[in-house]
Amino acid sequence: MGKRRAATLAAQESSGGKEPAPVGGEAPPLGAEATSLGAEAASVGKPSLDPKRTGIFTSGIVSTWEGHQAVIFFTGRQHAGENLRDVLGFRNKERELPIQMCDPLSRNMPADLATILANCLAHGRRQFADVAEYFPQECSYVLHALKKVYKNDELARRDELSPEERLKFHQTHSKPVMEDLQKWLQRQFAERRVEPNSALGGAISYLLRHWDPFTLFLRKAGAPLDNNLCERALKKVILHRKNSLFYKTENGAGIGDLFTSLIHTCELGGFNPLDYFHQLVRHQGALARNPAAWLPWNYRQTVESLGNSRPPPTAAALES
């Protein structure tokens, strides 16, 4: 990346500061021909990347819609918020803004990202769990309050409440808990019980600074408490990095992201990824004509409608 940055900066200087072509003969993005029109629309007004940015990141996006979950991974120089912005560039602008759940890092929230922001309450909780050994009484109060909120959310899932019913349930049972907690946190500074520059003061400041996105679940139906779903998805990427020591080229990373995205989407829905790929290869023409009919949660119905109602083969049969 150091050589690439030097070459990019040199190319920029020679072109009068204009954005140069990619250095190193990198392959075009996967599927560029098929999505050229949509990609052009999504890139309108999109700022170019700082050529001094040399880090390679893998972002994970998990979307939940009508009971289905879809995962998309991106590997490259863009941050998570920039990748999410690109995905939402393909979204119908007339629809209501989506809820974005993430941790409060600024790289997750570029200024031009149009979402309803919710921050991960588990990250806020972790600030106190990490210093509980040194401030046991104060941290115990915070952790106990958040435990009640998570218990309420567990009850809402157990009773299979709708998003609206879950919102009312949290407003009735969790809102008083969170209001008391906010007052307690503010009182620690107002009454000089906690030094703001201490580890505990930093944890309190972190929670108060992002209080509104931390508590969106009290105001917006369907807002999750935390980002644990996406954090678990990123473990797939971490495991792959550990086993393969990253990718050699940008195109290789794009292909790896594509397969990883499809495999984990199948796993989240309880579908057989081997059978899914098998059917996509067998029905390439039908897939190209109507991709929406070949998603992990509806491809078996599509296969049956084509007169091929054989059950999914076992993993051993596919491998042989």
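The rules we used
- Residues numbered from 1 in each chain as written.
- Predicted model: local features only at pLDDT ≥ 70, side-chain atom pairs only at ≥ 80, totals over all residues.
- Heavy atoms only, no water.
- Patch = residues over 30% accessible without salt bridge, like charges linked within 9 Å, V, L, I, M, F, W, Y side chains within 5 Å.
- Areas by Shrake-Rupley, 256 points an atom, 1.4 Å probe, with all protein chains shown as cover.
- Salt bridge = Lys/Arg side-chain N within 4 Å of Asp/Glu carboxyl O.
- Helix = DSSP H or I, 4+ residues; strand = E, 2+ residues; numbered from the N terminus.
- Buried < 20%, exposed > 50% of the residue type's maximum accessible area, 1.4 Å probe, protein only.
- Arc of directions from axis to C-beta.
- Core = buried A, V, L, I, M, F, W, Y, C linked by side-chain atoms within 4.5 Å.
- Contact = heavy atoms within 4.5 Å.
- Expected span 1.5 Å × (residues − 1).
- Phe/Tyr/Trp six-rings, centres within 6.5 Å; stacked < 30°, edge-to-face > 60°.
- Axes fitted to C-alpha atoms, helices over the stretch in contact; angles between N-to-C directions.
- Parallel < 35°, antiparallel > 145°, perpendicular 65-115°, else oblique.
- Left-handed = near helix turned anticlockwise from the far one by under 90°.

A. Highlighting a nonpolar patch on the surface. Together, Ile255, Leu258, Phe259 and Ile263 make up an exposed nonpolar region whose accessible area comes to about 300 Å². With respect to the helices and strands, the residue Phe259 is situated in helix 11 (residues 250-269).

B. Here's a closer look at helix 6 (residues 163-173). Of the positions making up helix 6, those classed as buried are Arg166, Leu167 and His170. What you see down the axis of helix 6 is that its buried residues fit within an arc of 105 degrees, all on one side. Exposed and oriented more than 90 degrees from the buried face of helix 6 are Lys168 and Thr172.

C. Representation of the nonpolar core in the model. Of all hydrophobic cores here, the largest spans 31 residues; its most connected members are Phe128, Met178, Leu181, Leu185 and Phe217. Mapped by element, the contributors of at least two residues to this core are helix 4 (121-129), helix 5 (136-158), helix 7 (175-190), helix 8 (199-209) and helix 9 (211-214). Beyond its immediate stretch of four places on either side in the chain, Met178 contacts Leu146, Val149, Trp211, Thr215, Phe217 and Leu218. The next biggest cluster of nonpolar side chains, apart from the first, holds 9 residues, and it includes Tyr276, Ala286, Ala293 and Val303.

D. Examining helix 11 more closely. Here helix 11 is 20 residues long and its end C-alpha atoms lie 29 Å apart, about the 28 Å a rise of 1.5 Å per residue gives. If you check which residues of helix 11 are buried, you get Ala253, Gly256, Asp257, Ser261, His264, Thr265 and Cys266. Of the residues one or two after helix 11, Gly270 is the one with positive phi, at around 75 degrees.

E. Here's a closer look at the packing of aromatic side chains. By the definition in use, this model includes 5 aromatic pairs. Aromatic pair Tyr276 and Tyr299: ring centres 5.0 Å apart, planes at 70 degrees, arrangement edge-to-face. Of this pair, Tyr276 sits in helix 12 (residues 273-282) while Tyr299 sits in helix 14 (residues 299-305), placing them 23 residues apart in sequence. Grouping residues by exposure puts Tyr276 and Tyr299 together as buried. Site record: aromatic cluster; members linked through ring pairs are Phe259, Tyr276, Phe277 and Tyr299.

F. Layout of the pattern of salt bridges. Within this structure, the stated rule accounts for 10 salt bridges. In this structure, Arg166 engages Asp153 in a salt bridge whose closest nitrogen and oxygen atoms are separated by 2.8 Å. Taken together, the residues Arg166 in helix 6 and Asp153 in helix 5 connect sequence positions 13 residues apart. The same class applies to Arg166 and to Asp153, which are both buried. Here the salt bridges share partners, and the residues they tie into one network are Arg85, Asp86 and Asp112.

G. Here's a closer look at the packing of helix 4 against helix 8. Between helix 4 and helix 8, the shortest axis-to-axis distance is 9 Å and the interhelical angle comes to 165 degrees. Judged by the angle between their axes, helix 4 and helix 8 are roughly antiparallel. Considering only the axes of helix 4 and helix 8, their crossing is left-handed. Between helix 4, through His123, Gly124, Gln127 and Phe128, and helix 8, the contact on the second element is made entirely by Leu200, Ala203, Ile204, Tyr206 and Leu207.

H. Quick peek at the side chain of Asp103. Turning to its location among the elements, Asp103 is positioned in the loop between strand 3 (99-102) and strand 4 (116-119). Not counting residues within four places of it along the chain, the set of residues in contact with Asp103 comprises Asn108, Met109, Asn119, Cys120 and His123.

Take it as geometry only, folks, not as evidence of what the structure does.
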